[in-house]
Amino acid sequence: MKKLLTGNEAIAEGAIAAGVEVVAGYPGTPSTEVILNLMAKRKELDFHIEWSVNEKVAFEIAAGAAWAGKRALVTMKMSGLNVASDSIANVAYSGCNSGLVIFVADDPGVHAGMAEQDSRYYAKSMIVPMLDVASQQECLDYVKAAFDVSEKIQGPVLLRSTTDISHTASDIVIGKKVELEKREAHFEHDITKYTKAGAALCMAQHRDALDRLAESLKIGDSYITESGIKVNETHFGNTKYGVIYSGAVEGTLREVLRRFQIEISWLKIGLVHPLPEDRIKEFLKTVDRLLVLEELEPLIETEVIRLAFQIGKKVEIMGKLDKTLSLIGDYSFTDIKKGLESLYQKKFAIENNQEIIEDTKKLQVKRPISFCTGCPHRGTYYALNKAIKNLRYKKDEIIITGDIGCTILGMNKPFESCWTEVAMGASIGMAQGFKWAGIKKPVIATIGDSTFFHAGIPPLINAVYQKVPLAVIILDNGWTAMTGFEENPGTVYLNETDTKRVDIVNVCQGCGVEKINIIDPYNPEESIKVIEEAIEYPGVSVVISRRECALQANRRRVKLNKFKVDISECTGCRICLNQLACPAMIFHPKTKNSKAFMEITADCFGCGLCQYTCPTGAIEVMEDVE
């Protein structure tokens with residue numbers, strides 16, 4: 001049976017087919033849709049699926065399940081791997097009793113923000129085998145393969161995808177569901193395997209991890225998936241030119257080869273750690289000029305150069321290190337064509353559609369990234385900027401640290417509030433650093449609710465413990481909204497879930513915060529006053545700006561009074577638009593037959609901020625809306 005699936009949908013299908021029994025993760029583009037797809041089916045799936053509070057917790061849940069004999073999957077984006085790495089490294093040395101697969105999605109080209117890091121280095125540093133998918137079919141096949149390899153070596157396996165694979169779709173052969181024997185949960189008492197108490201234990205575990213890695217190579221190098229894909233595959237052409245590649249470049253490479261009818265030898269590497277060194281050496285013996293194609297860091301290229309030196313074969317190797325290809329971004333058709341032109345030392349014919357491509361580029365429209373219509377964060381940053389102004393500070397005098405998620409959009413126009421974005425929860429820690437560095441004027445940390453639960457609590461405790469004069473504004477919209485509206489511990493109660501809501505107020509009280517206020521960002525007057533008091537408070541103060549994400553509220557059929565403009569009163573000053581940048585507003589400039597005026601479209605959610613900003617009172621509630 002075939003299905004049209006994205007890479008992430010294929011991974012979800014593969015996990016079901018592989019007999020997974022516990023799935024945990026934290027949302028993060030481009031990995032989010034794996035659990036989203038499983039969540040949509042959770043009523044029919046007889047296993048546990050959850051959005052955990054952060055990636056480290058998610059991995060620990062999966063590892064605990066795997067130690068107890070259950071197949072477990074954990075999902076995260078590359079930044080989440082940083083968070084989970086502490087526990088992954090230690091579990092990797094201990095091994096596991098059942099299949100444990102860690103799915104991580106990298107983002108070459110930074111389509112979703114955050115550092116353009118390469119997760120393959122984690123596999124090397126943590127002695128964990130890693131499979132690197134090159135197609136949507138491999139997404140499904142490699143999940144099954146990863147569980148298979150994991151159980152054979154008794155250790156975790158990393159499965160890596162990238163944005164291009166995860167977010168595009170193709171026809172997938174689904175295959176058969178793996179038939180597993182019923183396994184009762186069981187955990188053995190073995191401190192030599194599950195603790196790190198003592199050098200002898202740790203070194204023995206290190207030796208075991210290396211043995212598992214070597215075993216994974218024996219299995220993986222010749223592994224053929226259910227649909228017939230060879231994880232590592234060599235093709236020898238009648239030529240001295242060769243390409244070694246891995247991951248998402250495969251589809252584009254094949255397209256370039258087909259388009260220009262290029263005959264070439266190639267080596268595809270699906271198991272990127274450990275690398276198939278013997279296979280690479282055999283390939284090197286057959287070529288004189290070689291192009292290495294891999295997105296992000298030159299991990300394979302560096303090893304290929306080392307292996308060529310080791311066997312004494314003189315091969316001209318092109319890739320990132322000789323600057324044939326960029327160290328940055330994903331590879332387009334043009335990039336790979338350029339690499340092959342360098343390899344062959346000649347130009348291939350320009351594509352016939354080049355003119356169309358150039359014309360298309362001229363049609364691109366740049367759109368500023370701002371808050372959605374009705375987003376409560378708009379009201380929070382509006383009130384924050386007003387409070388700073390009312391306290392007679394200049395805007396460039398007050399450092400406001402930002403955090404991950406929708407809340408960071410406060411760095412953009414018209415608010416331009418946030419100065420920094422580092423990592424989940426880092427806004428509160430960074431703000432303390434600014435104070436200890438000697439910044440005399442107030443420093444304010446902003447953070448979203450999901451991010452606060454993820455990693456904002458420890459730095460808040462630290463601020464209380466160290467008595468840092470700091471104002472923290474938690475923008476609580478009740479959802480992990482940026483990645484697709486996933487639930488978090490503070491999400492409103494949902495009928496289809498069996499969870500308990502955790503109130504941020506109680507958490508802050510438990511952290512020792514003595515000054516806590518809740519504001520409604522749709523009430524600017526009160527919000528400005530409360531934020532002013534928080535900024536001037538001599539200790540740690542927390543303002544919780546609480547209002548549900550407008551898009552989710554709208555889906556739950558929450559209705560508010562909408563607003564309209566009385567054109568006779570509107571002067572066309574654009575103060576409302578300049579201060580709020582609400583997408584529901586359309587400005588009509590002056591014409592021969594009409595004065596300038598603002599229009600509020602039917603997209604209005606009803607936050608009412610525009611009415612507060614209007615200096616002429618031209619914005620009013622529509623009477624015909626409940």
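Only a predicted model underlies this, so the values are computations on that prediction, with no experimental measurement involved.

Caption draft 1: Fine view of the layout of surface pockets. Here the largest pocket is characterised by a volume of approximately 750 Å³. As for the largest pocket, its lining consists of 43 residues, and the residues nearest its centre are Lys77, Met114, Ile404, Gly405 and Met424. If one sorts the elements of the lining of the largest pocket by residue count, helix α17 (residues 449-465) sits on top with five residues. Taken together, the residues of the lining of the largest pocket break down into 20 nonpolar, 19 polar and four charged.

Caption draft 2: Region of the structure containing the environment of Asp221. Along the chain, Asp221 falls in the loop between α9 (199-220) and β9 (232-235). Put simply, Asp221 and Phe434 are 213 residues apart on the chain and 51 Å apart in space, counted from C-alpha to C-alpha. Filtering out sequence-adjacent residues up to four positions away, Asp221 remains in contact with Asn232, Leu271, Pro276 and Arg279.

Caption draft 3: Structural detail: the nonpolar core. Formed by 48 residues in total, the largest nonpolar core has its most connected members in Leu384, Ile444, Ile531, Ile535, Cys610 and Ile619. Breaking this core down by element, the ones donating at least two residues are α15 (376-390), β17 (470-476), α19 (524-536), α20 (550-555), β20 (563-565), α21 (575-580), β22 (597-600) and α22 (609-613). A total of six residues in this core trace back to one element, the largest contributor, which is α15. Formed by 46 residues, the second largest nonpolar core is a distinct cluster that contains Val74, Leu100, Leu267 and Ile300.

Caption draft 4: Region of the structure containing the sheet that holds strand β18 (residues 515-519). Ordered by their spatial adjacency, five strands build an open sheet running β15-β16-β17-β19-β18, and the pairing between neighbours is parallel. Each of the sheet's edge strands pairs with one partner strand only, and the pair in question is β15 (399-401) and β18. The mean inter-strand angle of the sheet, taken between neighbouring strand axes irrespective of direction, is 20°. Where helix α16 (residues 426-437) meets the sheet, its contacts fall on β15, β16 (443-448) and β17, and the angle it forms with β16 comes to roughly 175°. Where α19 meets the sheet, its contacts fall on β16, β17, β18 and β19 (540-546), and the angle it forms with β18 comes to roughly 160°.

Criteria and thresholds
Residues numbered from 1 in each chain as written. Predicted model: local features only at pLDDT ≥ 70, side-chain atom pairs only at ≥ 80, totals over all residues. Heavy atoms only, no water. 1 Å grid on protein atoms, 1.4 Å probe; cavity = no way out; pocket = protein on both sides within 12 Å on 5 of 7 lines; lining within 4 Å. Points joined across faces, edges and corners; volume = space filled by probe spheres on them. Helix = DSSP H or I, 4+ residues; strand = E, 2+ residues; numbered from the N terminus. Nonpolar A, V, L, I, M, F, W, Y, C, P; charged D, E, K, R; others polar. Contact = heavy atoms within 4.5 Å. Core = buried A, V, L, I, M, F, W, Y, C linked by side-chain atoms within 4.5 Å. Buried < 20%, exposed > 50% of the residue type's maximum accessible area, 1.4 Å probe, protein only. Pairing = 2+ DSSP bridges. Axes fitted to C-alpha atoms, helices over the stretch in contact; angles between N-to-C directions.

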